[in-house]
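What follows is each chain in one-letter form.
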Amino acid sequence: MPYVPISPGNPADLRAAAERRWSAICAERPELSPAIDLQRQLLALVSDLASTLEQGRVPRLSLPPKYLAAKLARGVPAFAAEPIPLPVQVLTPVAIGLCRALASGGAAEAADHIGQAIETGSIDPGSLFSASVSRNQTAIRTGAVHRGLSADLVWLVAELAVSPYVHALQRRVLGGDHDALGAALRAWNRGYCPACGSWPAVAEVVAGRRTLRCSFCSGAWELQTYACIYCEHAGDEFVTAAPNEERKDRRVEVCRACGGYLKSMDAAELSPFPLLSISDIETTDLDVAAMEHGYARPALRDFSQRKGT
Ligand SMILES: [Zn+2]
Ligand SMILES: [Zn+2]
């Protein structure tokens, strides 16, 4: 089943699971504890927002399952080029809170400036969140540079603030029970997320099953082929290796054909939202190892022009 629905855990269980994982990481790699302290603050804000959204009304998008099935069959993710209504009033204070957490976590002035720009309306939060949902890096970068703000940090703040909402939409839209959509999702064999089009942050391998995990909406899907997720190359240029001989449970898939890499880790279970970012931080040494060998994660794919093609 290529698209894998993951039930949301209850907040208390999620917190306990997160703390267990953070303690284990800190015990093994104490140098990561400042990064984990920051992640703890960010995830608390994201989790609270997810709970608020869970209690509220997730809007029904007018995306008929048959229309989505046809779109997926063309390789276009469900949300690409769709107008997605966003609860801007609910998301804005969270974005400002995220800036405060980032400021106290070392990004200091750069994060403060972004928080102020959102608070004063210098950045229009609705436009920012929409650009994030449509994965429009150019719009966010241009807007940030124009205001003298850190483009990477603006991207991160928007992504974190919008992620619980996009995650809820992903579950609502793709998790439904519909034959045509179900068949299109079973046939999905692309390296990018069928919901939002982002690349995976990591592959979580549970009992030998490699599941790609979306870096934005935490969507989960399996491929029918074992190949490079970026260029689909499956020959000798595609290699899976463990940089640390003693930790064969943590690997990188590298592709000499396109220069891309993907982190892959064995896990007891697929991380529920928003715990996937812990898998990401847990494997930062794999990013370093891959980048030292000249591999990189490619830019997001652009689906903005592909509606109706
Ligand atoms: Zn996604
Ligand atoms: Zn490749």
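Residues numbered from 1 in each chain as written. Chains lettered and ligands numbered in written order. Predicted model: local features only at pLDDT ≥ 70, side-chain atom pairs only at ≥ 80, totals over all residues. Heavy atoms only, no water.

Caption draft 1: Focus on the environment of Pro272. With respect to the helices and strands, Pro272 occurs in the loop between strand 6 (261–266) and helix 9 (276–282). In sequence terms Pro272 and Trp155 are 117 residues apart; their C-alpha atoms lie 23 Å from each other. Ignoring any residue separated from it by four or fewer positions in sequence, one finds Pro272 in contact with Ile6, Ser7, Gly9 and Leu14. (Helix = DSSP H or I, 4+ residues; strand = E, 2+ residues; numbered from the N terminus. Contact = heavy atoms within 4.5 Å.)

Caption draft 2: Structural context of the nonpolar core. With 77 residues, the main nonpolar core has Phe79, Ile118, Leu128 and Phe129 as its most contacted residues. Mapped by element, the contributors of at least two residues to this core are helix 2 (33–55), helix 3 (65–73), helix 4 (88–119), helix 5 (125–133), helix 6 (137–146), helix 7 (151–174), helix 8 (179–187) and strand 2 (209–214). Counting residues per element, this core draws most heavily on helix 7, which supplies 14 residues. Once residues lying within four places of it in the same chain are set aside, the contact partners of Phe79 are Leu61, Lys71, Ile84, Val166, Leu169, Gln170, Val173, Ala195 and Cys196. Core analysis: the second largest hydrophobic core is formed by eleven residues, Leu14, Ile36, Ile278 and Ile281 among them. (Core = buried A, V, L, I, M, F, W, Y, C linked by side-chain atoms within 4.5 Å. Buried < 20%, exposed > 50% of the residue type's maximum accessible area, 1.4 Å probe, protein only.)

Caption draft 3: Up close: the packing of aromatic side chains. Within this structure, the stated rule accounts for five aromatic pairs. Consider the rings of Trp199 and Tyr230, whose centres lie 4.7 Å apart with planes at 75°: the pair is edge-to-face. You can see Trp199 sitting in the loop between helix 8 and strand 1 (200–206) and its partner Tyr230 sitting in the loop between strand 3 (220–222) and strand 4 (238–241), a full 31 residues away along the chain. For the pair formed by Trp199 and Tyr230, the shared burial category is buried. (Phe/Tyr/Trp six-rings, centres within 6.5 Å; stacked < 30°, edge-to-face > 60°.)

Caption draft 4: Just the packing of helix 4 against helix 7, in detail. At a minimum axis distance of 10 Å, the contact between helix 4 and helix 7 shows a crossing angle of 140°. By the angle class used here, helix 4 and helix 7 are oblique. Crossing of helix 4 over helix 7 shows right-handed handedness. From helix 4, Leu91, Ala95, Leu98, Cys99, Leu102, Ala107, Ala110, Ala111, Ile114 and Ile118 reach across to helix 7, where they touch Leu153, Val154, Leu156, Val157, Leu160, Ala161 and Val162. The residue makeup of the contact of helix 4 with helix 7, split by class, is 17 nonpolar, no polar and no charged. (Axes fitted to C-alpha atoms, helices over the stretch in contact; angles between N-to-C directions. Parallel < 35°, antiparallel > 145°, perpendicular 65-115°, else oblique. Left-handed = near helix turned anticlockwise from the far one by under 90°. Nonpolar A, V, L, I, M, F, W, Y, C, P; charged D, E, K, R; others polar.)

Caption draft 5: Region of the structure containing the sheet that holds strand 1. Read from one edge to the other, the open sheet built from six strands follows the order 3-2-1-6-5-4, with strand pairing classed as mixed. The open sheet has two edge strands, strand 3 and strand 4, and neither has a second partner. For this sheet, the mean inter-axis angle between neighbouring strands, taken without regard to orientation, is 25°. With six bridges connecting them, strand 1 and strand 2 associate as antiparallel partners. Note on strand 2: the bridge partner recorded for Val202 is Arg213. (Pairing = 2+ DSSP bridges.)

Note that every value here comes from positions in space, so none of it alone points to a role or purpose.
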